[in-house]
Number of protein chains: 2
Amino acid sequence: MVWRDDSGKALSDYPRPSLAVDVALLTVRFDDDGDGQLCVLLQQHDDGSASLPGSFVREGERLAEAVRRTVQGKLGLTTRDPRQLSVFDDPGRDSRGHVVSVAHVDLLPERELAGEGAWLLSPVDGTTVRVPGRRRSLRYDHDQIVAVAAGWAQQRHARRPDPSRLLDGPFTLRELRLLHEAVLGVRLQKDTFRRQMIDRLEEVPGRSSGGPGRPAAVFRVAR
Amino acid sequence: MVWRDDSGKALSDYPRPSLAVDVALLTVRFDDDGDGQLCVLLQQHDDGSASLPGSFVREGERLAEAVRRTVQGKLGLTTRDPRQLSVFDDPGRDSRGHVVSVAHVDLLPERELAGEGAWLLSPVDGTTVRVPGRRRSLRYDHDQIVAVAAGWAQQRHARRPDPSRLLDGPFTLRELRLLHEAVLGVRLQKDTFRRQMIDRLEEVPGRSSGGPGRPAAVFRVAR
DNA sequence: ACAATAGTGTCTATCAGACAATATCCT
DNA sequence: AGGATATTGTCTGATAGACACTATTGT
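All of these numbers come straight from a predicted model, not from anything done at the bench.

(A) Representation of the overall build of chain A. Secondary structure assignment for chain A yields four helices and ten strands. Projected onto its principal axes, the C-alpha coordinates of chain A cover approximately 75 × 45 × 30 Å. For chain A, with 223 residues in total, the buried portion stands at 47%. A separation of at least 24 residues holds for 58% of the contacts in chain A among residues at least 6 apart in sequence. Summed over its atoms, the accessible surface of chain A is roughly 11,900 Å², and 45% of this surface lies on carbon and sulfur atoms.

Here is the structure:
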């Protein structure tokens, strides 16, 4: 039984914009030196352009569901804790019609990126995406979405240690700092960083070993 | 010429949720003692319930336009600088069907509230609305929207003096502090408050007069 | 020994919170 | 004079940034 207004029309009888979700999936990629780089996962299109994965929200579907379905379907990956960012509503942003998009962000650890080739991993400098190839920018307004997503990730890493559990198992303060430096895109001083984080960490038995220098204590995020 | 996909369907041929905007219009009401109270403007319904003003977004319309139209049409008021808060997407939040709503907030000075009776002014304590009458809460999920809106206003007033220009013309630090106390819902110490704000203010020639006590310097927001 | 990293001590500048002293009006 | 408010001084505690010193490893 569908609801109808005074003129006998259901909600679906009125012309209205379509609703979509776009997802900026961020990750930190580490090279052999231990240096990290914040990256965003892009879809590569036949015409050489790139975009964030996105799709239309179905009737009765929650945004979080649409996000999970999109990431699973277009990239073959599973989201962990997608967050809503903001709504992009320029009626001309999509040439197919009036599409209002709710931008989302999620942070994935590099190790969960399985299935080579289904996506493109593009570095994010500060809050700007560097797309490889001729084209400098993404389809639609997706450059803006990446910028907002990167800013969100940076705020999130400002005070809390590894808020998205990107590190696998216990870690040293050096590893934690390299992660935060990658997300923030700046160098951090080890002593200040240590004092900011130490209260939110729990020491774990054992020591780091292998590399040069004094072995470091090993921690996990408290509680 | 409408865009069509491979199966010959336009975007509007797919079932999809409706899109709406809801607006939490906040203001600060001052009593004769100079004490202020953060309030939200509500629509009163025939069944005694109350809600925020809201309406459906039309095809080709921007969210900001829908907000302006809604506030003008339902309350007879004009928005100044509406901001997007977040999206409420529970498919069951509206009994008429699947309605996804983008919550907005705007702050209006009390003097711009003309046309008595078209609305209800409800005090907000902390981030909670106190609705007069039997019912304790608002329709739909509008209590949540008010909470987010109040939190937004409080963050906005944490460091910047009168960010929404609620004060009319030059003001004393006392008047500014009473405004911020009303929005934040807490008492502020005058000396600390002065030192936080003074750098962002410009002194204006003249002094306050009339009340008891030493006349105060008069300021406006810098730049 | 030397390079490299870990961990800690300390100094300075800044800032919030709190208290208080002085200044200047009104009644 | 006395009450009320404005304005400024000062003390304390917390914290960020910077520098440096000691500690402990591998080569």
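Next comes the rest of the account.
(B) Structural context of the protein's contact with DNA strand D. Near DNA strand D there are 22 residues, and of these Gln189 and Asp191 of chain A together with Arg194, Arg195 and Ala217 of chain B occur at the shortest range. Close to the protein, within 4 Å, the atoms of DNA strand D are drawn from sugar and phosphate at a rate of 58%. In this structure, Arg159 of chain A approaches DNA strand D through a side-chain N or O atom, which is 3.5 Å from a phosphate oxygen. Here a phosphate oxygen of DNA strand D and a backbone polar atom of Ala217 of chain B are 2.6 Å apart. Listed by contribution, the elements that provide at least two residues to the surface near DNA strand D are helix 4 (190–197) of chain A together with helix 4 (190–197) of chain B. Taken together, the residues that form the surface near DNA strand D break down as five nonpolar, six polar and eleven charged.

(C) Representation of the relation of the copies chain B and chain A within the structure. Each copy superposes on the other: chain B lies on chain A with an RMSD of 0.1 Å after a rotation of 180 degrees and an axial shift of 0.0 Å. As the rotation angle and translation indicate, the two copies are arranged about a two-fold axis. Nearest to the rotation axis, the C-alpha of Ser86 of chain B is located 3.4 Å from it, this being the minimum over chain B. In this assembly the copies share their binding face: 100% of the residues contributing to the interface of chain B also contribute to that of chain A.

(D) Main features of the protein's contact with DNA strand C. The environment of DNA strand C is made up of 23 residues, and the closest members are Arg194, Arg195 and Ala217 of chain A together with Gln189 and Asp191 of chain B. Measuring from a phosphate oxygen of DNA strand C, one finds a side-chain N or O atom of Arg159 of chain B at 3.5 Å. Where the surface near DNA strand C is concerned, the elements lending two or more residues are helix 4 of chain A together with helix 4 of chain B. Its residues assigned to classes, the surface near DNA strand C shows six nonpolar, six polar and eleven charged.

(E) Geometry of helix 3 (residues 173–184) of chain A. Residue and element names in this part refer to chain A. The end-to-end C-alpha distance of helix 3, which contains twelve residues, comes to 16 Å, matching closely the 16 Å that a straight helix rising 1.5 Å per residue would cover. Within helix 3, nine of the twelve residues are buried, which leaves the element mostly enclosed by the surrounding structure. For helix 3, every residue scored as buried is listed here: Leu173, Leu176, Arg177, Leu178, Leu179, His180, Glu181, Ala182 and Val183. Note on helix 3: the residue one or two positions beyond its end, Gly185, has a positive phi of about 75 degrees.

(F) Expanded view of unusual backbone geometry. Notably, Arg165 of chain A is not glycine yet its phi reads approximately 55 degrees, a positive angle. One can find Arg165 of chain A in the loop between helix 2 (142–156) and helix 3. Located in the positive-phi region is Asp162 of chain B, a residue other than glycine, with phi close to 40 degrees. Secondary-structure assignment places Asp162 of chain B in the loop between helix 2 (142–156) and helix 3 (173–184).

(G) The pattern of salt bridges, seen in detail. In this structure the tally under the stated criterion is 31 salt bridges over all chains. As a salt-bridge pair, Glu61 of chain A and Arg69 of chain A come within 2.8 Å of each other at their nearest N and O atoms. We classify Glu61 of chain A as buried; its relative accessible area is 8%. The partly exposed category is assigned to Arg69 of chain A, whose relative accessible area is 25%. Ionic pairing is found between Asp141 of chain B and Arg93 of chain B, a salt bridge with its closest N-O pair at 2.7 Å. With Asp141 of chain B in the loop between strand 8 (128–129) and helix 2 and Arg93 of chain B in the loop between strand 5 (83–88) and strand 6 (99–108), this residue pair connects regions lying 48 residues apart in the sequence. Asp141 of chain B gets classed as buried once you look at its relative accessible area, which sits at 10%.

What counts, and at which threshold
- Residues numbered from 1 in each chain as written.
- Chains lettered and ligands numbered in written order.
- Predicted model: local features only at pLDDT ≥ 70, side-chain atom pairs only at ≥ 80, totals over all residues.
- Heavy atoms only, no water.
- Helix = DSSP H or I, 4+ residues; strand = E, 2+ residues; numbered from the N terminus.
- Buried < 20%, exposed > 50% of the residue type's maximum accessible area, 1.4 Å probe, protein only.
- Contact = heavy atoms within 4.5 Å.
- Areas by Shrake-Rupley, 256 points an atom, 1.4 Å probe, with all protein chains shown as cover.
- Near = heavy atom within 4 Å.
- Polar contact = N/O pair within 3.5 Å; in protein donor to acceptor, adjacent residues only side chain to side chain.
- Nonpolar A, V, L, I, M, F, W, Y, C, P; charged D, E, K, R; others polar.
- Least-squares fit on C-alpha atoms with pLDDT ≥ 70 in both.
- Expected span 1.5 Å × (residues − 1).
- Salt bridge = Lys/Arg side-chain N within 4 Å of Asp/Glu carboxyl O.

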